[in-house]
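# Tertiary structure, described
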Amino acid sequence: MAGAAGPGTGPGAAGGDGDDSLYPIAVLIDELRNEDVQLRLNSIKKLSTIALALGVERTRTELLPFLTDTIYDEDEVLLALAEQLGNFTGLVGGPDFAHCLLPPLESLATVEETVVRDKAVESLRQISQEHTPIALEAHFVPLVKRLASGDWFTSRTSACGLFSVCYPRASNAVKAEIRQHFRSLCSDDTPMVRRAAASKLGEFAKVLELDSVKSEIVPLFTNLASDEQDSVRLLAVEACVSIAQLLSQEDLEALVMPTLRQAAEDKSWRVRYMVADKFSELQKAVGPKITLNDLIPAFQNLLKDCEAEVRAAAAHKVKELCENLPPEGRETIIMNQILPFIKELVSDTNQHVKSALASVIMGLSTILGKENTIEHLLPLFLAQLKDECPEVRLNIISNLDCVNEVIGIRQLSQSLLPAIVELAEDAKWRVRLAIIEYMPLLAGQLGVQFFDEKLNSLCMAWLVDHVYAIREAATNNLMKLVKKFGTEWAQNTIVPKVLVMASDPNYLHRMTTLFCINALSEACGQEITTKQMLPIVLKMAGDQVANVRFNVAKSLQKIGPILDTDALQEEVKPVLQKLGQDEDVDVKYFAQEALSAVAQRLRKLDSPAKDGEEPSAPGADKNHFLRPGGPGEDTGKFVPLMSRHTESERLGWFLRRQ
Amino acid sequence: MSNSGVSLADIISTVEFNYSGDLLATGDKGGRVVIFQREQENKSRPHSRGEYNVYSTFQSHEPEFDYLKSLEIEEKINKIRWLPQQNAAHFLLSTNDKTIKLWKISERDKRAEGYNLKDEDGRLRDPFRITALRVPKLKPMDLMVEASPRRIFANAHTYHINSISVNSDHETYLSADDLRINLWHLEITDRSFNIVDIKPVNMEELTEVITAAEFHPHQCNVFVYSSSKGTVRLCDMRSSALCDRHSKFFEEPEDPSSRSFFSEIISSISDVKFSHSGRYMMTRDYLSVKVWDLNMESRPVETHQVHEYLRSKLCSLYENDCIFDKFECCWSGSDSAIMTGSYNNFFRMFDRNTRRDVTLEASRENSKPRASLKPRKVCTGGKRKKDEISVDSLDFNKKILHTAWHPAENIIAVAATNNLYIFQDKVN
């Protein structure tokens, strides 16, 4: 583009026509220093455009020096800059010049903001691959050394992430130096650096020769795992996973296991928590034999740890642990060595522990099979269904499908029902919301008869809940149920009850009828919509509350696509026209919106052959477009009031002591 | 207040050296933070070494109003704590009653010059006459010190924050209010963990409040908090996630003979500080300062009387509310001496090895630049000697609550109402 205007309109050209293709670039460059962060950010994000216009030479000699010294900026600008520079090699003249990118990234790797530093390191790692082996030793390795021996710990932490990318490609002499630098960072004075080194230990070990792993990495690992700061020790657990994968069983037993055993019994609960949290990875890394000899006993201890956080983390891993055991003998191990401890946890004093267990315990049934499940697990499920803490019951209910496959849900239904009813009436609306969301699943598993007998009334009760979010969820729930059980069921059990609410004295309940109709009409189909729902909607057009009236208009627009021409022409249109003359502005507005949608629909029905491609797309699109924003369905004028209500409950939920 | 001429906003409310001692930060009731920097050796001004000059001043907190509780939130800076230096910039935490802020103080000495669309005088260029692109160039400029807010840690304290303390792991810190202690990650502002909660279910059963809290200087899992009942609890975060149960409890048995109506009030601990070595801690109550060995919970290893002559005056000190003053205390860099404040602009220093103590005065009249401070004496009954001051003529409005000691050298900073005094050991 620059070329086209270039030669002809050079400096001496008459009329002084500048190169107008330069103007946008000039703006971008100037905006690198704009006061508005957003503009600066935009410019940085288009840095490649600027560099392209400047050419490789000027990018190297002018742009990069400027960027190197511009590290005063906001974090988001620096983050974008660090990211851009990772893909800049082509713009500075290819791999031969990749080292020109090191200075700006080096300064970015020393800023205090972790995200920026991490991004700079990521880009440096990317660029290291583009260096030739010679350039790597001439430019990249010195940079790593500089960072590793920097005065500030930000630079030393950044160095930790760079060793593993330059090590494999360095000469033997340099390799020794790199290992030396890594070693000294592992015993740095500041815990920040030791943590960074510990977290990169596994990664570094992977690129080292096996001998060096044994002679150098293992001692470092042992040291870090017994660091005076528990924040360092807990990271060594993670490194353990990577190192274990590199060693043979004998070496593992001799070099790593003593440290791991020690970590599982560490004085600090945070370290034990980490062991519990990484248990599945550890299990896979050490293999079945050591798992049986060492990890299972360690796991038992973690399950009865004195700190609830640790027990909860271990409880979370119960299912994965059992799944990953070797198939032969698995059942015996679980039955004899794991299950007794799980039984204890079911009556733990801490609700988070019980809740963690409840979220995975059902998964054991597939591993243990039908008989064991009925004999041993079922009593636990039943006990948890009666737990005082709603989260525990909820977690059991949300995983019912696992048990259903093994023993069928009927075994549980006796205890299930009281649990569901209690959750459905819980004082916390979020608990009620959570159980509503499992209703379609439960309905599918329990069958239509059971549902009608026991659960249907609950679903209807939620429609008149005093929290809007619950009413909204209840409406969606009905739609999903109809999809599951079919229109006939809907016609007999749901629709009549919904329609009765249309004459409720509370206008919020009357509106719920409309919301239900919006949700159900499509699933119920044209006949039910036209014959049963439409008359009610039309009748409600005369409601005395404006909110109800404009929701009538919106409902009519919503169900319009399902109705036939006659109904639209004869019934819907006159009512909308009347609403269009309403005294309330909002009613008028929504009526007119609906009218135009209906008119469009009618036009299309008149000439159906033309665009069979998109049957109701324009109508539906517009419909969607018209609905005033917000995540949920709006309740019209009273939105602020409703949301304040839900807000205050939400605050109570969050302010709970962690 | 009878401090006529002193604006309330100017009263210094906290003083703190950074880890190297080259910077000294003060906070005041007006929500401002002033940072002083120590001058480096300079040949042309041989005496300037050691002088602290203003480096940066910024407004850290503004007055606010909590509409939910109809409460005014003062802008007064309750505490400042420096972070260990991590790059060329300096960072500190400052807090008022409710909100903690992380500030970055950085220097800038270069400025970019040259625009494409403007010429040097700022006149716009004709956009159609741009024939070449100009990349801005960096030119040196006068040093500029910027303070920018990096993080705001808010909405975690129902009661007034009295302490903040940075952990030796360099990534967490604690904040304590009257009833709770929260643990924060320095990079996460939207959540903190409550580690201590002494709020009784029924607030009528409330018998004590947390008065101060501090992390151990080296052991990242240990912190202490002091209470209004004169006790200190040491907690180990390794043993459990919630530290409601302490692992050590420091309390000196009360002497029944000295019991009075004021016993409980004057035994309340106003400050607790670990020694740099981490072996000892020091607590300040109304009349004394005590040094405890962490290995002995039953009694302090040293007790120093700060102003014992006030014991007979407690009644009037109660009436003018002075008895509730919160005096802070600090260790010398080598832990061999301690310092704490008193009234009448007096402050006290105790040498732990020689068991000698001295009373000094921070006032404009009595301290000329580069002149030694004269020890002061308060007459404690009997005949008043020359140079002594009688208890009755002490000015209780001139109180020294906040002092700080340079981490390596014998340089001290003393806040006397709206004045900051910096004293230095005499060189040669």
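The structure presented is a predicted model; accordingly, all values stated were derived computationally and were not measured.

## What about the interface of chain B and chain A?
Tallying the contact residues gives 50 residues for chain B and 45 residues for chain A. Counting across the chain B and chain A interface gives eight salt bridges. Measuring nitrogen to oxygen at the nearest pair gives 2.6 Å for the salt bridge that ties Glu113(A) to Arg151(B). Scanning the region where chain B abuts chain A turns up 22 residue pairs in polar contact (both at pLDDT 80 or more). Of all the elements in the fold, those that place two or more residues in the side of chain B that touches chain A are β9 (100-113), β10 (137-153) and β14 (193-197) of chain B. At seven residues, β9(B) tops the list of elements feeding residues into the side of chain B that touches chain A. For the side of chain B that touches chain A, a count of residues per class yields 18 nonpolar, 14 polar and 18 charged.

## Notes on the pattern of salt bridges
Throughout the structure, instances matching the rule amount to 58 salt bridges over all chains. Taking the shortest distance from any N to any O, the salt bridge between Lys175(A) and Glu209(A) comes out at 3.3 Å. Placement of Lys175(A) in helix α11 (residues 172-186) and of Glu209(A) in the loop between α12 (191-207) and α13 (210-225) is noted, with a sequence separation of 34 residues between them. Residue classification places Lys175(A) among the buried positions, given a relative accessible area of 12%. A residue is classified by how much of its surface remains accessible, and Glu209(A), at 33% relative accessible area, is partly exposed. Through salt bridges that share partners, Asp75(A), Glu112(A), Glu113(A), Lys104(B), Arg150(B) and Arg151(B) make up one connected network.

## What to know about α11(A)
Residues and elements named next belong to chain A. Between its first and last C-alpha atoms α11 spans 21 Å; for 15 residues at 1.5 Å apiece the expected length is 21 Å, and the two agree. Of all the positions in α11, only Val174, Lys175, Ile178, Arg179, His181, Phe182, Leu185 and Cys186 are classed as buried. The buried residues of α11 all sit within an arc of 160 degrees when viewed along its axis, so they share a single face. Check the buried side of α11 and you find it contacts α8 (133-148), α9 (153-160), α10 (163-166), α12 and α13.

## What to know about the packing of helix α23 (residues 390-398) of chain A against helix α26 (residues 429-446) of chain A
When two helices pack together, you describe them by how their axes are tilted relative to each other and by the distance separating the axes. Residues and elements named next belong to chain A. For the pair α23 and α26, the least separation of the axes is 10 Å and the interaxial angle reads 20 degrees. One finds that α23 runs roughly parallel with respect to α26. Where α23 crosses over α26, the handedness of that crossing is left-handed. Packed against α23, whose contacting residues are Pro390, Leu394, Ile397 and Ser398, the element α26 presents Val431, Ala434, Ile435, Tyr438, Leu441 and Leu442 at the interface. The class makeup of the residues in the contact of α23 with α26 is nine nonpolar, one polar and no charged.

## Concerning the UniProt feature "domain: Phosphatase 2A Regulatory Subunit A helical" (unreviewed entry) in chain A
Mapped onto the present numbering, the UniProt feature "domain: Phosphatase 2A Regulatory Subunit A helical" (unreviewed entry) falls on residues 99-282 of chain A. Between the end C-alpha atoms of residues 99-282 of chain A the distance is 39 Å, and the span holds 78% helix and 0% strand.

## Some thoughts on the nonpolar core
In summary, soluble globular proteins display a tendency toward joint burial of nonpolar side chains. Grouped together as the largest cluster of nonpolar side chains are 239 residues, with contacts concentrated most on Phe140(A), Ile397(A), Leu478(A) and Leu556(A). Filtering out sequence-adjacent residues up to four positions away, Leu556(A) remains in contact with Leu534(A), Val537(A), Leu538(A), Val572(A), Val575(A) and Leu576(A). Grouped together as the second largest cluster of nonpolar side chains are 18 residues, Leu317(B), Cys322(B), Val391(B) and Phe396(B) included.

## A closer look at the environment of Ser359(A)
Position of Ser359(A) among the secondary structure elements: in helix α21 (residues 351-360). Counting along the chain gives 142 residues from Ser359(A) to Ile217(A), while the straight-line C-alpha distance between them is 38 Å.

## Focus: a negative patch on the surface
There is a patch of like negative charges on the surface, built from Asp564(A), Asp566(A), Glu570(A) and Glu571(A). Within the fold, Glu570(A) resides in helix α32 (residues 565-579).

## Considerations on the packing of α8(A) against α11(A)
Residues and elements named next belong to chain A. For the pair α8 and α11, the least separation of the axes is 10 Å and the interaxial angle reads 20 degrees. With respect to α11, the element α8 is oriented roughly parallel. Crossing hand, α8 versus α11: left-handed. Contact with α8, carried on its side by Glu137, Val141, Lys145 and Ala148, involves Val174, Glu177, His181 and Leu185 of α11 and no other residues of that element.

## Comments concerning the packing of aromatic side chains
Centre-to-centre distance and the angle between the planes together describe a pair of aromatic rings. Tallied over the full model, the rule gives 30 aromatic pairs over all chains. Ring centres of Tyr286(B) and Phe327(B) lie 6.2 Å apart, and the angle between their planes is 50 degrees; this geometry places the pair in the tilted category. Note that Tyr286(B) is positioned in the loop between β20 (280-284) and β21 (288-293) and Phe327(B) in the loop between α2 (314-319) and β23 (329-331), a separation of 41 residues in sequence. Residue Tyr286(B) shares its accessibility class with Phe327(B), and that shared class is buried. Through a chain of ring-to-ring contacts, three or more aromatic side chains come together here, namely Phe163(A), Tyr167(A), Phe182(A) and Phe204(A). Sitting above the plane of the Tyr115(B) ring, Arg33(A) keeps its charged end 3.9 Å from the centroid.

Definitions and limits used
Residues numbered from 1 in each chain as written. Chains lettered and ligands numbered in written order. Predicted model: local features only at pLDDT ≥ 70, side-chain atom pairs only at ≥ 80, totals over all residues. Heavy atoms only, no water. Contact = heavy atoms within 4.5 Å. Salt bridge = Lys/Arg side-chain N within 4 Å of Asp/Glu carboxyl O. Polar contact = N/O pair within 3.5 Å; in protein donor to acceptor, adjacent residues only side chain to side chain. Helix = DSSP H or I, 4+ residues; strand = E, 2+ residues; numbered from the N terminus. Nonpolar A, V, L, I, M, F, W, Y, C, P; charged D, E, K, R; others polar. Buried < 20%, exposed > 50% of the residue type's maximum accessible area, 1.4 Å probe, protein only. Expected span 1.5 Å × (residues − 1). Arc of directions from axis to C-beta. Axes fitted to C-alpha atoms, helices over the stretch in contact; angles between N-to-C directions. Parallel < 35°, antiparallel > 145°, perpendicular 65-115°, else oblique. Left-handed = near helix turned anticlockwise from the far one by under 90°. UniProt positions renumbered as here; feature names shortened; annotations may be inferred. Core = buried A, V, L, I, M, F, W, Y, C linked by side-chain atoms within 4.5 Å. Patch = residues over 30% accessible without salt bridge, like charges linked within 9 Å, V, L, I, M, F, W, Y side chains within 5 Å. Areas by Shrake-Rupley, 256 points an atom, 1.4 Å probe, with all protein chains shown as cover. Lys, Arg positive; Asp, Glu negative; His and termini not counted. Charge placed at Lys NZ, Arg CZ, Asp CG, Glu CD. Phe/Tyr/Trp six-rings, centres within 6.5 Å; stacked < 30°, edge-to-face > 60°. Lys NZ or Arg CZ within 6 Å of the ring centre and 35° of its normal.

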